[in-house]
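# Reading the structure
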Amino acid sequence: MTTILVTGGTGTLGRLVAERLRADGHDVRVLSRHTQPYAVDLRQGGDALDAAVAGVDTIVHCASSQKGDEEAAANLIRAARGAGVRHLVHISIVGVDRVPFRYYKSKLAVERLVEESGLGWTVLRATQFHDLLVMLLQGLSKLPVLFLPAGVRDQPVEVAEVADRLVALAVGEPAGRVEDMGGPEVRTFESLARAYLKATGRRRAVVHVPLWGAAYRGFRSGGHLTPQHATGTGTFEEYLARRYGGEQARAGSGRSRA
């Protein structure tokens, strides 16, 4: 069994990765900004980060934020090289090289840092988690009218399945850029929104709003989708049924919706 550090180990994905690695008998260190004994802000680095990576064989880099990801990755890589870490596993997003969205540009830059790190590395790109889609729809549905970006589709994936894939990669040999991982269905944003409204018992008029800009064109053209790698099995309706319960969500379960 090996010593594995999971950055962002208290987050939606990192928590599951850490739990699964521990269940398999590995010595797991969880790094986050507020969790002892490895409370580290990766954007600052320093002695605390050096102590966290000392003696570590593999790092699974799940930590991410809207700002400072490149600086955090550079600090992590610097510490990992100094500690002789054998394998760095990084989770990224499908489409970071095709959709010119600011956050995606940062994620692509982090990928390049990992690739050029001199460490053994593995990068997995996944589509959006069900949890993130619900968070977005919660915000959009606060108004009496649900405004959706016109012509956009999505391919949400179950975060537990991504965690399983990351664990398998972490205990294996460095594999470089592996095949993308997407959810089982490419769906219109409207169909996903209506499934959410039904599961939560909300009534909203749905209005499609055409947007502008290169990022919107990238999403509209499906740059963030990977239908050829629809390896996830959990559907959005199944996730909604677990989260909200009731027959409404279960009745909507199914595959290949428009």
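About the cut-offs
- Residues numbered from 1 in each chain as written.
- Predicted model: local features only at pLDDT ≥ 70, side-chain atom pairs only at ≥ 80, totals over all residues.
- Heavy atoms only, no water.
- Helix = DSSP H or I, 4+ residues; strand = E, 2+ residues; numbered from the N terminus.
- Buried < 20%, exposed > 50% of the residue type's maximum accessible area, 1.4 Å probe, protein only.
- Polar contact = N/O pair within 3.5 Å; in protein donor to acceptor, adjacent residues only side chain to side chain.
- Phe/Tyr/Trp six-rings, centres within 6.5 Å; stacked < 30°, edge-to-face > 60°.
- Contact = heavy atoms within 4.5 Å.
- Pairing = 2+ DSSP bridges.
- Axes fitted to C-alpha atoms, helices over the stretch in contact; angles between N-to-C directions.
- pLDDT = per-residue confidence, 0-100.
- Right-handed = clockwise from strand over helix to strand, strands pointing away.
- Core = buried A, V, L, I, M, F, W, Y, C linked by side-chain atoms within 4.5 Å.

Moving on to the environment of S65. Position of S65 relative to the elements: it lies in the loop between β3 (58-61) and α3 (69-83). Residue S65 is classed as partly exposed on the basis of its relative accessible area of 25%. Reaching out from S65, the side chain makes a polar contact with the backbone oxygen of K67 at a distance of 2.7 Å.

Inspection of every chain in the model, using the stated rule, returns 5 aromatic pairs. Here the aromatic rings of Y104 and F219 are separated by 5.6 Å at their centres, their planes lie at 75°, and the arrangement is edge-to-face. Taken together, the residues Y104 in helix α4 (residues 102-115) and F219 in helix α8 (residues 214-220) connect sequence positions 115 residues apart. Aromatic side chains Y196 and Y244 sit 6.2 Å apart centroid to centroid with 75° between the ring planes, which places their arrangement in the edge-to-face category. Placement of Y196 in helix α7 (residues 189-200) and of Y244 in helix α9 (residues 236-244) is noted, with a sequence separation of 48 residues between them. Among the aromatic residues, those joined into a ring-pair cluster are F101, Y104 and F219.

Looking now at the side chain of H26. Mapped onto the elements, H26 comes out in the loop between α1 (12-23) and β2 (27-31). Only 3.3 Å separates the side chain of H26 from the side chain of T2, close enough to count as a polar contact. Once residues lying within four places of it in the same chain are set aside, the contact partners of H26 are M1, T2, I4, L21 and V171.

A few words now on the sheet that holds strand β8 (residues 176-177). Reading across from one edge, β2-β1-β3-β4-β5-β8 is the order of the 6 strands in this open sheet, with parallel pairing throughout. The two strands at the open ends of the sheet, each matched to only one other strand, are β2 and β8. Here β3 runs beside strand β4 (residues 87-93); their pairing, made up of 4 bridges, is parallel. In the strand pairing of β4, I59 is matched with L88. On the sheet, α3 packs against β1 (3-7), β3 and β4 and is oriented at approximately 175° with respect to β3. The strands touched by α4 are β4 and β5 (120-126); relative to β4, the strand with the most contacts, the crossing angle is about 160°.

Here we take up the confidence of the model for the chain. Overall, the predicted model of the chain reaches an average pLDDT of 93, with 95% of residues at or above 70. The low-confidence segment residues 247-258 (pLDDT under 50) makes 30 contacts with residues lying over four places distant or belonging to another chain.

Along the chain, N75 falls in helix α3. Once you skip the residues sitting within four places of it in the chain, N75 turns out to touch L42, R43, Q44, G45 and L49.

Along β2, 4 of the 5 residues are buried, which leaves the element largely enclosed by surrounding structure. With 5 bridges joining them, β1 and β2 adopt parallel strand pairing. In the strand pairing of β2, V6 is matched with V30. Read as a crossover between parallel neighbours, the route from β1 over α1 to β2 is right-handed.

Turning our attention to unusual backbone geometry. Negative phi is the rule for most residues except glycine; trans is the rule for most peptide bonds. With omega at 5°, the peptide bond leading from Q36 into P37 counts as cis. Counting through the fold element by element, P37 comes out in the loop between β2 and α2 (47-53).

Here we come to the nonpolar core. Counting residues in hydrophobic clusters, the biggest one holds 27 residues, and the most contacted among them are V6, L13, V17, V60, V162 and L166. Sorting elements by how many residues they give to this core places helix α6 (residues 159-170) first, with 8 residues. Among residues more than four places away in sequence, those in contact with L166 are L13, V17, V60, C62, V89, I91 and L124. Counting residues in hydrophobic clusters, the runner-up holds 23 residues, among them A63, A73, V110 and L119.

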